[in-house]
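Coordinate analysis (summary)
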Amino acid sequence: MATLILQLPASSFDRKPVDASIRNNMQQQAEIFSKNTELARHLRENAAEFSRFEGNLISAAEGQIPGSLLITSCNPGEGKTTSTAAVGVSLAAQGTNSIWLVDAHFQKPRLHQLLDQVNAPGLTEVVLKDKSWQEAIRPCKELNLHFLPAGEFFDHPMSVFRSPRFRSIFDELKEHFDCIVFDGPPFLGVSECAYIAPMFQGILVVVACEQTRWELISVVKTKIESVQGNLMGVIMNRRKYYIPEILYKILWHVSGTYIKSPTLAPSCSYPRDSEPGE
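Small disclaimer: the values here were computed from a predicted structure and weren't measured. Position numbers for residues count from 1 along each chain, tracking the sequence in the order it is written. Where totals are concerned, whole chains, interfaces and linings use all residues; where local detail is concerned, this predicted model gives features only for residues with pLDDT of at least 70, and gives and counts side-chain atom pairs only at 80 or more. Remark: hydrogens and water are excluded; side-chain values derive from all non-hydrogen atoms of the structure.

**Quick notes on the environment of G77**
Selection criterion: In this description a helix means any DSSP run of H or I spanning at least four residues, a strand means any run of E spanning at least two, and both kinds are numbered starting from the N terminus. The buried label goes to any residue with under 20% of its type's maximum accessible area, the exposed label to any with over 50%, and the partly exposed label to all in between, with areas taken from a 1.4 Å probe on protein chains only.
Here G77 lies in the loop between β2 (68–73) and α4 (80–92). By relative accessible area, which is 10% here, G77 ends up buried. Linking G77 and Q211, residues 134 residues apart in sequence, is a C-alpha distance of 9.7 Å.

Shown next as structure tokens:
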């Protein structure tokens, strides 16, 4: 059963208090991306949540950070790309993890905008035009984070993923980085995510609360399992607490279903991705 890795409340009212040292650390990370107000703002506002993210991920992965993560969503507009950027920064900010962040959403690439980078050369050129990944990959300022953009617009992404060179590069980079984080396209409506899902040690699905229908979440879960993918966790975006969170825990315990319920994790807030299709 997938673990609830993050809860993302709809407003600042639901955010948890944060220790001053943690706040200062995330403030420093936010300053790195100060040119991009969207990413910087969320790093500052969700310091407490980011400080606990790595621990939640390690717990879900049974003791260690997974070597590769695919982040997807059911539909466009659920906050997937912003979540992916924040996940990469959060893991890299720990100081001991070398992170490779990849934009694999060829139809609507947006990670390069959040990270103040250009979009080419990127994954398309590395796989299809034999450009070396060392030439295309970009270090992200003071963080131990490296970024590979999607590259020039390409309307046949399956050609990239089916290429033997893609698999070769993927395996090679797993030896150079502690964790590879892919921003994939939404799972429904395209075939790319289902095709590459088995390659990853873990898959995280971003779900927009009160927007994504439960039936669609169930469909995505079934599809991931049918291709032998490892659905490691869920990122719940824009969750609203209609009663205090502590009461949820009490009700779970009293009803006897606490163990069956997802593990409660930190909460933070990401906006709807600004580009349609994200």
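After that view of the structure, there is still more to cover.
**Notes on the side chain of K80**
Applicable threshold: Polar contact criterion, stated in full: a pair of N or O atoms within 3.5 Å, where within protein one must be able to donate a hydrogen and the other to accept it, and residues adjacent in sequence count only if both atoms are side-chain atoms.
Residue placement: K80 occurs in helix α4. Take K80: its relative accessible area is 0%, and that puts it in the buried class. At 2.7 Å, the side chain of K80 forms a polar contact with the side chain of D183.

**Here's the deal with unusual backbone geometry**
Put simply, A120 and P121 share a cis peptide bond, and its omega is 0 degrees. Its identity as a non-glycine residue notwithstanding, D130 has a phi of 60 degrees, on the positive side. Position of D130 relative to the elements: it lies in the loop between α6 (123–128) and α7 (133–136).

**Quick notes on α4**
Because an α-helix packs 3.6 residues into every turn, residues spaced three or four apart end up facing the same way. What counts is decided by this rule: An expected span of 1.5 Å times one less than the residue number is assigned to each helix.
With 13 residues, α4 ought to run about 18 Å at 1.5 Å a step, and its terminal C-alpha atoms sit 18 Å apart, in line with that. Summarising burial for α4: 13 of the 13 residues are buried, a large majority.

**Quick look at the pattern of salt bridges**
Filter applied, for reference: Definition used for salt bridges: Asp or Glu carboxyl oxygen within 4 Å of a side-chain nitrogen of Lys or Arg.
Here the structure, examined in full by the defined rule, presents 7 salt bridges. A salt bridge links R213 to E215; its shortest N-O distance comes to 3.6 Å. Using a relative accessible area of 53% as the deciding quantity, one classes R213 as exposed.

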